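The chain contents come next:
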Amino acid sequence: MSETTRIHCPILRQRVMTAEKAAELIPAGANVGMSGFTGAGYPKAVPGALAERIRKHNAQEGSKPFRINVWTGASTAPELDGTLAEVDGIEMRLPFQSDPICRDRINNGKMDYVDLHLSEVSQYAWSGFLGKMNIALIEVAGIREDGSLIPSSSIGNNKTWIEQADHVIIEVNAKQNAKLEGMHDIYYGTAMPPNRKPIMMTHPSDRIGEHYLRCPAEKVIAVVETNSMDRNSAFKAPDAVSIKIADHILEFFQKEIDIGRLPKNLLPLQSGVGNIANAVLEGLNAGPFKNLTAFTEVIQDGMLKMLKSGTLDVASATAFSLSPDGLKEFDENIDLYRDKIILRQQDISNHPELARRMGIIAMNGLIEADIYGNVNSTHIMGTRMMNGIGGSGDFARNGYLSIFVTPSIAKDGAISSIVPMVSHVDHTEHDVKIIVTEQGLADLRGLSPRKRAIAIINNCAHPDYRAELMDYFERANQNSGSQHTPHILGEALSWHQRYEETGHMKPKQSD
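To keep things clear, this report deals only with the structure shown in the data block. Bear in mind that the values here come from a model prediction, so they are computed numbers and not experimental data. (Residues numbered from 1 in each chain as written. Predicted model: local features only at pLDDT ≥ 70, side-chain atom pairs only at ≥ 80, totals over all residues. Heavy atoms only, no water.)

**Some thoughts on the pairing of strand 9 (residues 220-226)**
Moving on, step 1. Counted residue by residue, strand 9 has five buried out of seven residues, so it is predominantly covered.
Moving on, step 2. In terms of strand pairing, strand 7 (residues 167-173) meets strand 9 through six bridges, oriented parallel. Paired with Glu-171 across the bridge in strand 9 is Val-224. (Buried < 20%, exposed > 50% of the residue type's maximum accessible area, 1.4 Å probe, protein only. Helix = DSSP H or I, 4+ residues; strand = E, 2+ residues; numbered from the N terminus. Pairing = 2+ DSSP bridges.)

**Brief notes about the sheet that holds strand 18 (residues 375-376)**
Moving on, step 1. Ordered in space as 18-17-24, the three strands form an open sheet in which the pairing is mixed. Of all the strands in the sheet, just strand 18 and strand 24 (418-419) have a single pairing partner and so form its edges.
Moving on, step 2. One ladder, built from two bridges, connects strand 17 (residues 368-370) with strand 24; its direction is parallel. Pairing of Asp-370 across the sheet is with Val-419, part of strand 24.

**With respect to helix 3 (residues 46-59)**
Moving on, step 1. The terminal C-alpha atoms of helix 3, which comprises 14 residues, lie 20 Å apart, in line with the 20 Å expected from a rise of 1.5 Å per residue.
Moving on, step 2. Those residues of helix 3 that fall on the buried side of the exposure criterion are Val-46, Pro-47, Ala-49, Leu-50, Ala-51 and Ile-54. (Expected span 1.5 Å × (residues − 1).)

**Some points on the packing of aromatic side chains**
Moving on, step 1. Under the defined criterion, the tally for this structure stands at seven aromatic pairs.
Moving on, step 2. For the pair Phe-253 and Phe-289, a centre-to-centre distance of 6.3 Å together with 80 degrees between the ring planes defines the contact as edge-to-face. Placement of Phe-253 in helix 8 (residues 240-259) and of Phe-289 in the loop between helix 9 (275-286) and strand 11 (292-295) is noted, with a sequence separation of 36 residues between them. A single burial state applies to Phe-253 and to Phe-289, both of which are buried.
Moving on, step 3. Measuring from centroid to centroid gives 4.6 Å for Phe-320 and Phe-330, while their planes differ by 50 degrees, and the two rings are tilted. In this pair, Phe-320 sits in strand 14 (residues 319-321) while Phe-330 sits in helix 11 (residues 324-332), placing the two residues 10 residues apart along the sequence.
Moving on, step 4. Phe-320 sits in the buried class, given a relative accessible area of 6%.
Moving on, step 5. Residue classification places Phe-330 among the buried residues on the basis of a relative accessible area of 3%. (Phe/Tyr/Trp six-rings, centres within 6.5 Å; stacked < 30°, edge-to-face > 60°.)

**A few points about the packing of helix 16 (residues 449-460) against helix 17 (residues 463-479)**
Moving on, step 1. Interaxial distance between helix 16 and helix 17 falls to 9 Å at its minimum, and their mutual angle equals 165 degrees. Here helix 17 runs roughly antiparallel to helix 16, going by the angle between their axes. The two elements helix 16 and helix 17 meet at a crossing, and its hand is left-handed. For the pair formed by helix 16 and helix 17, the contact residues are Arg-450, Ala-453, Ile-454, Ile-457 and Asn-458 on the first element and Arg-466, Leu-469, Met-470, Phe-473 and Asn-477 on the second.
Moving on, step 2. By residue class, the composition of the contact of helix 16 with helix 17 is six nonpolar, two polar and two charged. (Axes fitted to C-alpha atoms, helices over the stretch in contact; angles between N-to-C directions. Parallel < 35°, antiparallel > 145°, perpendicular 65-115°, else oblique. Left-handed = near helix turned anticlockwise from the far one by under 90°. Contact = heavy atoms within 4.5 Å. Nonpolar A, V, L, I, M, F, W, Y, C, P; charged D, E, K, R; others polar.)

**Remarks on the pattern of salt bridges**
Between side chains of opposite charge, a pair can form as their charged atoms come close.
Moving on, step 1. Counting across every chain of the model gives 29 salt bridges.
Moving on, step 2. Close ionic contact of Lys-179 with Asp-335 constitutes a salt bridge, the shortest N to O distance being 3.1 Å. With Lys-179 in the loop between strand 7 and strand 8 (184-185) and Asp-335 in helix 12 (residues 334-338), this residue pair connects regions lying 156 residues apart in the sequence.
Moving on, step 3. When its relative accessible area of 39% is taken as the criterion, Lys-179 is described as partly exposed.
Moving on, step 4. The partner of Glu-429 in a salt bridge is Arg-452, and the shortest N-O contact between them spans 2.1 Å. You can see Glu-429 sitting in the loop between strand 24 and strand 25 (434-437) and its partner Arg-452 sitting in helix 16, a full 23 residues away along the chain. Taken individually, Glu-429 and Arg-452 each receive the classification buried, so the pair is uniform in this respect.
Moving on, step 5. Within this structure, Arg-67, Asp-88, Glu-91 and Arg-105 form a network of salt bridges that share partners. (Salt bridge = Lys/Arg side-chain N within 4 Å of Asp/Glu carboxyl O.)

**Remarks on the packing of helix 10 (residues 301-309) against helix 11**
Moving on, step 1. The geometry of helix 10 relative to helix 11 is characterised by a closest axis approach of 9 Å and an angle of 35 degrees between their N-to-C directions. Seen along the crossing, helix 10 lies across helix 11 with a hand that is left-handed. Across the interface between the two elements, Asp-301, Leu-304 and Lys-308 of helix 10 pack against Gly-326, Glu-329 and Phe-330 of helix 11.
Moving on, step 2. Taken together, the residues of the contact of helix 10 with helix 11 break down into two nonpolar, one polar and three charged.

See below:
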């Protein structure tokens, strides 16, 4: 134990051990709830030690495969997902992932994957739908004298994991900024039906909980000290496509204000992770909108800039997702951000009731949308999992505005993001209000299916595919036998089939 330990509880100091010793306490077949959300606050040492233990075990001739089931908040990092997947150590993974090794094993049928709305994961665990949780493996920034835990850079499902697990292993990471203490808001008022009560929150700045995680000392079987950074991936500078998408959204916001459908400071913002999302945030920061708020899942670089400039008053989330430069900015100016950022558990950050009450403006990415407004955000060509639905469904269904964004083409034009029929549906036309590409914005509110099709084709489709989409739509109107949602079933997925066979959605042009 280091001389500068962050473990101030005498009882838990006695349970400090190496990561290797802690990994020995995790049995094969265990359901393990791990901390972590978008590469923040995940355990750094024990997963690697466990992977090495699994590798050695599985190398023994005649040994029964050693695998565990891994539950987290969302995606984590190569030190967790990647290292365990590489040694074939994961039997089942939920509720979200973004690791290439995990993705490959999922799509090869070697790993089970349960894709869940992030707001529902805790409820699944409380209800016993997922089985009994054996071990919770949680990273924290410190342990207080009374045994309560100072959360680190994400909260995710940590509260639920600690409550549900038979045993708890704690990683205390001295690399996490000690000034994170007090930034968290852990709500202990949740319950299962029929005992639920309204959550007393009407604004993203409302605090309704406690700064610390409760953890009975008798549950803790190991404490491991670490000193490792979160995974921090750099964001690309906004490209021309992202800037155009952002401009369309900002113009739309201004029109909604002028009409009187949005207040001048908009409504609380929710934003998915990625370069387009950051481009929108940068556009907002440079735009005319002031005194904005955010009720979202992650704090990204763009939100830090908005908080620092004063464009954004407060941001409520469950985790950080910062680039190396963003993390440096946060650490150097944490005193400024402490009063403007609130981190909550994800069953609160993604809560449908709160999203509906506060009127969230949800902005999320998609893989493809069809001409009637159905959105696929998870599957490539209908069968291959990309990452997962994450929290997009929580906000799309329940927010005031659900905006889905994408470049109009992918793979250098070989794939159209607007197709006759999506190959997999995550968000039905009923939950999708706005679709935006660099080509333009389609406002689908109040439109019948055929009018949605015309708006999406004319405003969002790439010119290389627009005529073929309109041709499909017009022929479907003539030949389908239905004038409500016209389709030609034999052709509806032919674009995907053509891509699988030829590597391009467009038919080969004759000479």
